[in-house]
Amino acid sequence: MKGSIYLRKTNDPHWVVSWPDGKKRYKITHYLGEPDLMYQTNQNKKHDTGYKKAEKLLALMQGDVERNCFRIEKYTGGRLTDTVPYIEAWLRDREPNLTPGGYIKYRTAVRKHLIPFFEQNPIMLHEIQYDTMVKLMNWIKGSGKHKKNVVDVLRCCLRYAWKSQRIMAVPPAPEKKLYDIKEKPPVWLPSERHRKVMEALPDEHKPIFYWLYLHLRRPGEACALLRTDYSRETDTFTIRRGVSNGQIIDRTKTGDIHEIPCADAFKPFMEHLPQLGQYFFTCHESKSEGKRYTEKLLRKYWKQACEAAGEDIDVYRGTKTSRASQMLNEDGVSIYDLQIAGDWASLSSVTCYARANIAKKRAVLNNVVPMRHPGGTSEGGKQ
């Protein structure tokens, strides 16, 4: 087994672990980043605390080699843990593959939560286990969803480390019930209330909001839609771009390309769309390239319309969520047909709207065998 111990005879004699690594030989004088050298305290090795530390250190290094998790940085670094520098390096490596908005979320989780936690709780990367994840979850302040998002960022880093053979396995995540996440029915506007908001919009801005509403799309997709994304031959829109942190990106949120038919109710708006540039929806007030809409402008116009109509709901819930909920709750569309209409990848993405389907629940509850009341009469009939 590689590695050896020798005494460095200086004014302050101390023990050194000599560790060969290829053509380089490391001289390790500290036990796992402790501030003091492994000083010689006794001429007899059996009673020398410095030598005992060196023996223990060498055994740890040899054990890591056997477990296939050896990293020299663990023993040469100035800190007890290599978790913090590894997370920082991982974030730098991931940045080119993340959307601008995604990178900001990762960076916030790393800087505000993961780094402070592991600085307060020093631990090696390969020592992170289920109990560490639970401790992190309880340490984070905020809602259950916020806690889960931060823990998920750490798990993403650990999966990267596992694929890179830095750790032997990715520890299991805390169970969802531990986060105490309360799933709430979606917030949406019934048709009549929604109509009042849409009527309060200036005519110039109605087309983009009706497009979002009728086609069940995201605001960023409307802002990034080009005139060439509409095909007159097939009468369809191709959704292939989105907006992340205010920047146009060549991908949607899910990474999928969606081809959706133009809704008949939207066609009257297409005849009066201003053509100020390459973008399908443009706005005279916009200062962005091609006079395209921005999500900030959409929020501004929508908020003004909501205030005029006496409502308080954001753009996404007021358009896509409201339309999906109306289709289920008012129009009797099945959850399976809704999935097709909105081009959702899986049925699970649509189930949240089913919680708002009061009409369906009422129909199911009322579709029962007539019951006999205490007075002796049955529901819907006489005694």
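Everything here concerns the structure above.
**Details of the pairing of strand 5 (residues 236-239)**
Inference 1: What you see with strand 5 is no split at all: Thr236 and Thr238 on one side and Phe237 and Ile239 on the other are buried throughout.
Inference 2: Of the strand pairs in this sheet, strand 4 (residues 230-231) and strand 5 are connected by two bridges, and their pairing is antiparallel. Looking at strand 5, one finds that Tyr230 is bridged to Phe237.
Inference 3: Where strand 4 folds back on strand 5, the antiparallel hairpin that results is connected by four residues, among which Asp235 adopts a positive phi of roughly 55°.
Inference 4: Bridge count between strand 5 and strand 8 (residues 258-261): four bridges; the pairing is antiparallel.

**Details of the environment of Tyr130**
Inference 1: Here Tyr130 is to be found in helix 5 (residues 130-139).
Inference 2: For Tyr130, a relative accessible area of 30% puts it in the partly exposed group.
Inference 3: As a C-alpha pair, Tyr130 and Gln247 span 117 residues in sequence and 38 Å in three-dimensional space.
Inference 4: Those residues in contact with Tyr130 that sit more than four places away from it in its chain are Pro171, Pro172, Ala173, Pro174, Glu175 and Leu178.

**A few points about the environment of Gln247**
Inference 1: Within the element layout of this structure, Gln247 appears in strand 7 (residues 247-249).
Inference 2: Gln247 sits 147 residues away from Pro100 along the chain, and the two C-alpha atoms are 7.5 Å apart.
Inference 3: When neighbours within four sequence positions are excluded, Gln247 is seen to be in contact with Pro100 and Gly242.

**Comments concerning the side chain of Gln339**
Inference 1: In this fold, Gln339 is placed in helix 13 (residues 335-342).
Inference 2: Taking the relative accessible area as the measure of exposure, Gln339 reaches 19% and is therefore buried.
Inference 3: Once residues lying within four places of it in the same chain are set aside, the contact partners of Gln339 are Trp344, Ala345, Ser346, Leu347 and Val350.

**A few points about helix 3 (residues 83-94)**
Inference 1: The end-to-end C-alpha separation of helix 3 is 16 Å, in line with the 16 Å expected for 12 residues at 1.5 Å each.
Inference 2: What helix 3 keeps buried is the set Thr83, Val84, Tyr86, Ile87, Trp90, Leu91 and Arg94. What you see down the axis of helix 3 is that its buried residues fit within an arc of 165°, all on one side.

**A closer look at the packing of aromatic side chains**
Inference 1: Inspection of the entire model under this criterion finds 16 aromatic pairs.
Inference 2: Between Phe117 and Phe118, the ring centres sit 5.0 Å apart and the planes meet at 80°, which makes this aromatic pair edge-to-face.
Inference 3: Under the relative-accessibility criterion, Phe118 is labelled buried at 0%.
Inference 4: An aromatic cluster of three or more residues is present, and its members are Tyr210, Trp211, Tyr230, Phe237, Phe266, Phe269, Phe280 and Phe281.
Inference 5: Directly above the ring of Tyr213 sits Arg323, whose terminal nitrogen or CZ lies 5.4 Å from the centroid.

**Some words on the sheet that holds strand 8**
Inference 1: Across the sheet, which stays open at both edges, the three strands sit in the order 4-5-8 with antiparallel pairing between neighbours. The open sheet has two free edges, formed respectively by strand 4 and strand 8, since each of these has just one partner strand.

**Some words on the nonpolar core**
It is characteristic of soluble globular proteins that their nonpolar side chains tend to be buried jointly.
Inference 1: Formed by 37 residues in total, the largest nonpolar core has its most connected members in Phe209, Trp211, Phe237, Phe266, Phe280, Phe281 and Trp302.
Inference 2: At the level of elements, helix 7 (191-199), helix 8 (206-215), helix 9 (219-223), strand 5 and helix 11 (295-309) are the ones that each hand at least two residues to this core.
Inference 3: Here the element with the most residues in this core is helix 8; it accounts for seven residues.
Inference 4: Residues contacting Phe209, with those up to four places away along its chain left out, are Met198, Leu201, Leu298, Tyr301, Trp302, Val315 and Thr319.
Inference 5: Ile115, Val150, Val153 and Leu154 belong to the second largest nonpolar core, which has 32 residues in total.

**Points about unusual backbone geometry**
Inference 1: A positive phi angle, near 60°, is found at Lys291, a position not held by glycine.
Inference 2: Structurally, the position occupied by Lys291 is in the loop between helix 10 (267-270) and helix 11.
Inference 3: A relative accessible area of 28% places Lys291 in the partly exposed class.
Inference 4: Residues other than glycine seldom take positive phi values, yet Asp343 does so here, at roughly 55°.

Rules used in this analysis
- Residues numbered from 1 in each chain as written.
- Predicted model: local features only at pLDDT ≥ 70, side-chain atom pairs only at ≥ 80, totals over all residues.
- Heavy atoms only, no water.
- Buried < 20%, exposed > 50% of the residue type's maximum accessible area, 1.4 Å probe, protein only.
- Helix = DSSP H or I, 4+ residues; strand = E, 2+ residues; numbered from the N terminus.
- Pairing = 2+ DSSP bridges.
- Contact = heavy atoms within 4.5 Å.
- Expected span 1.5 Å × (residues − 1).
- Arc of directions from axis to C-beta.
- Phe/Tyr/Trp six-rings, centres within 6.5 Å; stacked < 30°, edge-to-face > 60°.
- Lys NZ or Arg CZ within 6 Å of the ring centre and 35° of its normal.
- Core = buried A, V, L, I, M, F, W, Y, C linked by side-chain atoms within 4.5 Å.

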